[in-house]
Amino acid sequence: EGPMVRGSFLIQLAQLAAVAAVRLPTRTPPAVARPPCLATRPPAEVGATPALAAAEERATAWALGAATAMMVALPAGAADVAWVGPTKAVLSPLFAVYTLLFLFRTVLSWFPKYNLNAFPYNVAAWPTEPLLRATRRLIPPVAGVDITPIVWVAVISFFSEILLGPQGLLTIVQKKGGF
């Protein structure tokens, strides 16, 4: 009964935030319709369309509704740790597989003659290339050696240890039974 009541409460809270986000415009002047925290903000720029002002008002209402929902929803769900086990069950193999794929990409970078779109190599190349391409923009090859797969192995190892290790956040939450 407890989780169902909490779940229905969270659904109602999300619905309330959605209603606040898409509320109908009123005929009151914008200075009156604005929340007190935005009352000192200057009106929309000169030349702004009414549609832009309405979109800004909806975005403000949505942000306030979402912030309110998060302030209430996080403490309400803090005692429920049923999500931790499945999250760890998904993240642990995901981190392990990507670590192996990036290590395989490191070895493949030593042999540039292989076609990465051919069968055995595309298994490692296709899932990792989008991440490596973005990282190569920040970290160019050093003396002709691409070190970005090693950077990703380090990042994945860091997050694996922080989240799933013996002193990891998810492990502590699971042991303690909540935040």
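Computed from a predicted structure; not experimentally measured.

Considering the nonpolar core
Thinking step 1. Core analysis: the biggest nonpolar cluster contains 10 residues, these being V84, L91, F95, F102, L132, V153, I156, L164, L170 and V173.
Thinking step 2. Of all the secondary structure elements, the ones that give two or more residues to this core are α4 (84-109), α6 (148-164) and α7 (169-176).
Thinking step 3. Among the elements that line this core, the one with the most residues is α4, at 4 residues.
Thinking step 4. For L91, the residues in contact, after removing those within four places along its chain, are L163, L164 and L170.

Description of unusual backbone geometry
Thinking step 1. In the Ramachandran plot, A143 falls in the positive-phi region, its phi being about 55 degrees despite a non-glycine side chain.
Thinking step 2. Mapped onto the secondary structure, A143 falls in the loop between α5 (119-138) and α6.

Quick word on the packing of aromatic side chains
The description of two aromatic rings rests on the distance between their centres and on the angle between their planes.
Thinking step 1. The tally for this structure, following the rule as stated, stands at 5 aromatic pairs.
Thinking step 2. Taking 6.0 Å as the distance between ring centres and 45 degrees as the angle between the ring planes, the aromatic pair formed by Y98 and F102 counts as tilted. Highlighted residues: Y98 and F102, both in helix α4, separated by 4 residues, approximately one helical turn.
Thinking step 3. Judged by relative accessible area, Y98 falls into the partly exposed class, the value being 23%.

Thoughts on the confidence of the model for the protein
Thinking step 1. Overall, the predicted model of the protein reaches an average pLDDT of 76, with 56% of residues at or above 70.
Thinking step 2. Looking across the protein, the model is least confident in helix α2 (residues 30-33), with a mean pLDDT of 48, and most confident in α6, with 97.
Thinking step 3. Contacts from residues 24-34, a stretch scored under 50 in pLDDT, to residues over four places away or in other chains number 8 contacts.
Thinking step 4. Counting contacts from residues 38-47, a segment whose pLDDT is below 50, to residues more than four positions away or on other chains yields 6 contacts.

Structural notes on the packing of α5 against α6
Thinking step 1. Interaxial distance between α5 and α6 falls to 9 Å at its minimum, and their mutual angle equals 105 degrees. Our classification of the angle between α5 and α6 gives roughly perpendicular. Judged by residue contacts, L131, L132, T135 and R136 of α5 engage T148, P149 and W152 from α6.

Regarding a nonpolar patch on the surface
Thinking step 1. Taken together, the side chains of V155, F158, F159, I162 and L169 present a nonpolar region at the surface, about 440 Å² in accessible area.
Thinking step 2. Take the nonpolar patch: its biggest share by element is 4 residues, from α6.
Thinking step 3. Structurally, V155 is set in helix α6.

Thresholds, definitions, all that
Residues numbered from 1 in each chain as written. Predicted model: local features only at pLDDT ≥ 70, side-chain atom pairs only at ≥ 80, totals over all residues. Heavy atoms only, no water. Core = buried A, V, L, I, M, F, W, Y, C linked by side-chain atoms within 4.5 Å. Buried < 20%, exposed > 50% of the residue type's maximum accessible area, 1.4 Å probe, protein only. Helix = DSSP H or I, 4+ residues; strand = E, 2+ residues; numbered from the N terminus. Contact = heavy atoms within 4.5 Å. Phe/Tyr/Trp six-rings, centres within 6.5 Å; stacked < 30°, edge-to-face > 60°. pLDDT = per-residue confidence, 0-100. Axes fitted to C-alpha atoms, helices over the stretch in contact; angles between N-to-C directions. Parallel < 35°, antiparallel > 145°, perpendicular 65-115°, else oblique. Patch = residues over 30% accessible without salt bridge, like charges linked within 9 Å, V, L, I, M, F, W, Y side chains within 5 Å. Areas by Shrake-Rupley, 256 points an atom, 1.4 Å probe, with all protein chains shown as cover. Salt bridge = Lys/Arg side-chain N within 4 Å of Asp/Glu carboxyl O.

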